[in-house]
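Chain by chain, the residues run as shown.
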Amino acid sequence: MSLGERIFARMYDRFTARAEEACLSAHRQALIAGVQGDVIEIGGGTGANLPYYSDGVATLTLTEPSRPMIGRLQRRINEHAPAAKLLRAPAEDLPFEDDSFDVAVSTLVLCSVDDQPRALKELRRVLRPRGRLLFMEHVRSDEPRLARLQDRMNRINNLVAHCDCNRPTLDSIRAAGFSIEKLEHDTIRKAPPFLRPLVIGVAEA
């Protein structure tokens, strides 16, 4: 457990507070509120999605690879979803059988996994046939000038925020075998320009 991990976990909610208030919380609620069945959320972080899960969720399982985040996440689970199950595991190696879940949730996670194609392959594996992936991710811009800025800023952003700001995540979702059912583009307000391009959507396995 590095000092950087501990500091990042402690400061994460402060870093994201303005963006959450400006738009991210509303997107989380709209994306998650109607979820039903057996649900897995990868990269649970500090538990920002937990208040929005409804009674339609039969089981809720969260994974998180960062040990410092785990403690913060468990406290949020105790507050909002005490029946939820929490496991320390990376998205690239999910400790579940094939066809275990109806819904997978990924919000601001696919930017930071070590191996995005492998993580998406794992998500498709653990989803049941026609299971759904609900995602909200900041992505590489379609606007060339902004995309070049993202490329220039990516190394420092990775050092500071532990994520890549220039990943073509939609292409990766499709390449993993998902079909995009719903898609919305937005801008993360109150965030630096190179972090603003946002996609919110639903994909079917």
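Our subject is the structure listed above.
Treat the numbers as computed from the prediction; the structure is a model and nothing was measured.

**Student:** I'd like a rundown of the sheet that holds strand β5 (residues 127-138), residues and numbers included.
**Tutor:** Here seven strands make up an open sheet; going across it, the order is β3-β2-β1-β4-β5-β7-β6 and the pairing mixed. What marks the edges here is a single partner per strand, and that holds for β3 (85-87) and β6 (179-187). Each neighbouring strand pair of the sheet contributes to a mean axis angle of 15 degrees, computed without reference to strand direction. This element, helix α2 (residues 67-80), spans β2 (57-63) and β3 of the sheet and lies at about 180 degrees to β3.

**Student:** Kindly report on a nonpolar patch on the surface, identifying the contributing residues and their values.
**Tutor:** Taken together, the side chains of Ile-156, Leu-159 and Val-160 present a nonpolar region at the surface, about 320 Å² in accessible area. Within the fold, Leu-159 resides in helix α4 (residues 144-161).

**Student:** How would you summarise the nonpolar core if you had to cite specific residues and measurements?
**Tutor:** In terms of nonpolar packing, the biggest core is built from 34 residues, with Leu-24, Val-39, Leu-50, Tyr-53 and Leu-60 touching the most fellow members. Those elements giving two or more residues to this core turn out to be α1 (3-32), β2, α2, β4 (101-107), β5 and β7 (197-204). Considering each element in turn, this core owes the most residues, eight residues, to α1. Apart from residues lying up to four places away in sequence, Leu-24 is in contact with Ala-19, Leu-108, Met-136, Ile-188 and Leu-198.

**Student:** Quick rundown of the pattern of salt bridges? Include the residues and the values.
**Tutor:** Between side chains of opposite charge, a pair can form when the charged atoms approach closely. Scanning all chains against the criterion turns up nine salt bridges. The partner of Arg-167 in a salt bridge is Asp-164, and the shortest N-O contact between them spans 2.8 Å. You can call Asp-164 buried: its relative accessible area is 14%. A network of salt bridges, in which partner residues are shared, links Asp-38, Asp-102 and Arg-128.

**Student:** I'd like a rundown of the packing of aromatic side chains, residues and numbers included.
**Tutor:** The final tally for this structure, using the stated rule, is one aromatic pair. A ring pair is formed by Phe-96 and Phe-101, whose centres lie 5.1 Å apart and whose planes are at 90 degrees; its orientation type is edge-to-face. Overall, the relative accessible area of 15% leaves Phe-96 in the buried class.

Cut-off values and rules
- Residues numbered from 1 in each chain as written.
- Predicted model: local features only at pLDDT ≥ 70, side-chain atom pairs only at ≥ 80, totals over all residues.
- Heavy atoms only, no water.
- Pairing = 2+ DSSP bridges.
- Helix = DSSP H or I, 4+ residues; strand = E, 2+ residues; numbered from the N terminus.
- Axes fitted to C-alpha atoms, helices over the stretch in contact; angles between N-to-C directions.
- Contact = heavy atoms within 4.5 Å.
- Patch = residues over 30% accessible without salt bridge, like charges linked within 9 Å, V, L, I, M, F, W, Y side chains within 5 Å.
- Areas by Shrake-Rupley, 256 points an atom, 1.4 Å probe, with all protein chains shown as cover.
- Salt bridge = Lys/Arg side-chain N within 4 Å of Asp/Glu carboxyl O.
- Core = buried A, V, L, I, M, F, W, Y, C linked by side-chain atoms within 4.5 Å.
- Buried < 20%, exposed > 50% of the residue type's maximum accessible area, 1.4 Å probe, protein only.
- Phe/Tyr/Trp six-rings, centres within 6.5 Å; stacked < 30°, edge-to-face > 60°.

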